[in-house]
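A structural walkthrough
Here is what each chain is made of, one letter per residue.
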Amino acid sequence: MGRSTTTTTTKDAQALFHSLRTAYVATPTNLKIIDLYIVFAIVTALIQGVYMALVGSFPFNSFLSGVLSCVGTAVLAVCLRIQVNKENKEFKDLPPERAFADFVLCNLVLHLVIMNFLG
């Protein structure tokens, strides 16, 4: 009984990954670039967390600022991806240039706050 459950779970997982991969192939290149940027920001935050766990968190404000910068940038990039996506009907009247300008302005404000938090 345990073997068939494992086999079924494996087949379901493979089918899920296959369907996600085939759906992602149809994604426009600009959205893939934004996805790559989001992954980069999250990986950078994870590296900072591992570094803090290994070395220590003496200047805790610096660690917190770095992680919040990465996470905040990733969140803003997700918002940009939602606004730029042509399949999203909610933002169909919003030009991509305006969405990018909002992204840049919000990133500027985010990083000004983070620089202020550093001291």
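Procedures and definitions
- Residues numbered from 1 in each chain as written.
- Predicted model: local features only at pLDDT ≥ 70, side-chain atom pairs only at ≥ 80, totals over all residues.
- Heavy atoms only, no water.
- UniProt positions renumbered as here; feature names shortened; annotations may be inferred.
- Helix = DSSP H or I, 4+ residues; strand = E, 2+ residues; numbered from the N terminus.
- Buried < 20%, exposed > 50% of the residue type's maximum accessible area, 1.4 Å probe, protein only.
- Contact = heavy atoms within 4.5 Å.
- Expected span 1.5 Å × (residues − 1).
- Core = buried A, V, L, I, M, F, W, Y, C linked by side-chain atoms within 4.5 Å.
- Phe/Tyr/Trp six-rings, centres within 6.5 Å; stacked < 30°, edge-to-face > 60°.
- Axes fitted to C-alpha atoms, helices over the stretch in contact; angles between N-to-C directions.
- Parallel < 35°, antiparallel > 145°, perpendicular 65-115°, else oblique.
- Left-handed = near helix turned anticlockwise from the far one by under 90°.
- Nonpolar A, V, L, I, M, F, W, Y, C, P; charged D, E, K, R; others polar.

If you check an unreviewed UniProt entry, the protein appears there as Dolichyl-diphosphooligosaccharide--protein glycosyltransferase subunit DAD1 from Rehmannia glutinosa. In the Subcellular location (unreviewed entry) part of its UniProt record, the protein is described as follows: "Endoplasmic reticulum membrane".

Looking now at the side chain of S65. Within the secondary structure, S65 sits in helix α3 (residues 60–84). For S65, a relative accessible area of 3% gives the class buried. Ignoring anything within four residues of it in the chain, the contact list for S65 reads I114, F117 and L118.

On to helix α2 (residues 29–55), then. Compared with the 39 Å implied by 1.5 Å per residue over 27 residues, the 38 Å span of α2 between its first and last C-alpha is a close match. Among all positions of α2, only L31, I34, D35, I38, A41 and A45 are buried. With its phi angle positive at about 125 degrees, G56 sits one or two positions after the end of α2.

Further remarks concern the nonpolar core. Membership of the largest hydrophobic core is limited to 11 residues, which are L31, I34, I38, A41, A74, L76, A77, L80, V84, A99 and F103. Put simply, the parts of the chain that give this core at least two residues each are α2, α3 and α4 (96–118). Of the residues forming this core, the biggest block, 5 residues, is contributed by α3. Those residues in contact with A41 that lie beyond four places of it in its chain are C70 and A74.

Moving on, we get to the packing of aromatic side chains. For the coordinates displayed, the defined rule picks out 3 aromatic pairs. What links up through ring pairs into an aromatic cluster is the set Y37, F100 and F103.

With that settled, the discussion passes to the packing of α2 against α3. Interhelical geometry of α2 versus α3 gives an angle of 165 degrees and a closest axis separation of 9 Å. In this view, α2 runs roughly antiparallel relative to α3, as classed from their interaxial angle. When the axes of α2 and α3 are compared, the crossing they make is left-handed. Considered class by class, the residues forming the contact of α2 with α3 number 18 nonpolar, 6 polar and 2 charged.

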